[in-house]
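Survey of secondary and tertiary structure
Below, each chain spelled out in residue letters.
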Amino acid sequence: MQKLFQNFIKCGILGWCLEISFTALQSLRRRDFTLRGVTSLWMFPIYGAGCLLAPVFRAARRLNWAARGFLYACLILTGEYLSGYLLRKKDLCPWDYGKARWNLNRVIRLDYIPCWAATGLLMERATRDAGSVPRH
């Protein structure tokens, strides 16, 4: 149970840091050189839930990185969809992808698959036990 809690914290912090960095870099497109990154407190438990993927990380370790990344992206998109759907029902969803071309019901973006694949691979690395996954 302690390992699960530690992984929850790791995934939550990793997700927050990635989101703040991603949104800060997006500001460059608007020529906003303050590089202000934003997130929401709601996002910590959503990112933290990445710790629940640990059994998938272990089961998928024999797949190549691209297959693992795609698998993780699909699972993360599912989690994002469910959490976004539930938060939207309460008018609490901190994101709205309605203006994006590849959105589904305003709560996920299919063009973010590469970002979620990379996030899943980072979470895999952050949550693994030292020495449990062979290095290639």
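The rules behind these values
Residues numbered from 1 in each chain as written. Predicted model: local features only at pLDDT ≥ 70, side-chain atom pairs only at ≥ 80, totals over all residues. Heavy atoms only, no water. Helix = DSSP H or I, 4+ residues; strand = E, 2+ residues; numbered from the N terminus. Buried < 20%, exposed > 50% of the residue type's maximum accessible area, 1.4 Å probe, protein only. Contact = heavy atoms within 4.5 Å. Areas by Shrake-Rupley, 256 points an atom, 1.4 Å probe, with all protein chains shown as cover. Lys, Arg positive; Asp, Glu negative; His and termini not counted. Charge placed at Lys NZ, Arg CZ, Asp CG, Glu CD. Expected span 1.5 Å × (residues − 1). Phe/Tyr/Trp six-rings, centres within 6.5 Å; stacked < 30°, edge-to-face > 60°. UniProt positions renumbered as here; feature names shortened; annotations may be inferred. Patch = residues over 30% accessible without salt bridge, like charges linked within 9 Å, V, L, I, M, F, W, Y side chains within 5 Å. Salt bridge = Lys/Arg side-chain N within 4 Å of Asp/Glu carboxyl O. Polar contact = N/O pair within 3.5 Å; in protein donor to acceptor, adjacent residues only side chain to side chain.

Brief notes about the overall build of the chain
- Looking only at helices and strands, the chain has five helices and two strands in total.
- Expressed along its principal axes, the backbone C-alpha trace of the chain runs to roughly 45 × 35 × 25 Å.
- Counting only residues that meet the buried cut, the chain has 33% of its 136 residues in that class.
- Sequence separation of at least 24 residues holds for 57% of the intrachain contacts in the chain that already meet a minimum separation of 6.
- Carbon and sulfur atoms form 64% of the exposed surface of the chain, whose accessible area is close to 9200 Å².
- The centroid of the 20 positive side-chain charges in the chain is displaced by 5 Å from the centroid of its 8 negative side-chain charges.

Considering helix α5 (residues 113-127)
- Compared with an ideal rise of 1.5 Å per residue, which puts 15 residues at 21 Å, α5 spans 21 Å between its outermost C-alpha atoms and is within 8% of the ideal.
- Buried within α5 we find Trp-116, Ala-117, Thr-119, Gly-120, Leu-121, Met-123, Glu-124 and Thr-127.
- Tucked inside the fold, the buried residues of α5 contact α1 (2-26), α2 (43-48), α3 (54-59) and α4 (65-89).

So, the packing of aromatic side chains
- Applying the stated criterion across every chain yields a total of six aromatic pairs.
- Look at Phe-57 and Tyr-72: their rings are 4.8 Å apart centre to centre, the planes differ by 75°, and that puts the pair in the edge-to-face class. Of this pair, Phe-57 sits in helix α3 while Tyr-72 sits in helix α4, and the two are 15 residues apart along the sequence.
- With a relative accessible area of 6%, Phe-57 lands in the buried category.
- By relative accessible area, which is 0% here, Tyr-72 ends up buried.
- An aromatic cluster is present here, built from Phe-8, Trp-16 and Phe-44 joined pairwise through their rings.

A word on the UniProt feature "transmembrane region" (unreviewed entry) in the chain
- The residues that UniProt annotates with the feature "transmembrane region" (unreviewed entry) are residues 38-57 and 69-87.
- Helix makes up 100% of residues 69-87 and strand 0%. Its end C-alpha atoms lie 26 Å apart.

Observations concerning unusual backbone geometry
- Positive phi is not limited to glycine here, since Arg-31 has a value of about 60°.
- Classification of Arg-31 as exposed rests on a relative accessible area of 68%.
- Notably, Arg-106 is not glycine yet its phi reads approximately 70°, a positive angle.
- Secondary-structure assignment places Arg-106 in the loop between β1 (103-104) and β2 (108-109).

What to know about a nonpolar patch on the surface
- A grouping of Leu-25, Leu-28, Phe-33 and Leu-35 is seen on the molecular surface, where their side chains present a nonpolar patch of about 420 Å² in accessible area.
- Looking at the element boundaries, Leu-35 is found in the loop between α1 and α2.
- Judged by its relative accessible area of 40%, Leu-35 is partly exposed.

Considering the environment of Thr-39
- On the secondary structure map, Thr-39 appears in the loop between α1 and α2.
- Residues Thr-39 and Cys-17 lie 22 residues apart in sequence; the distance between their C-alpha atoms is 9.0 Å.
- There is a polar contact of 3.3 Å between the side chain of Thr-39 and the side chain of Glu-19.

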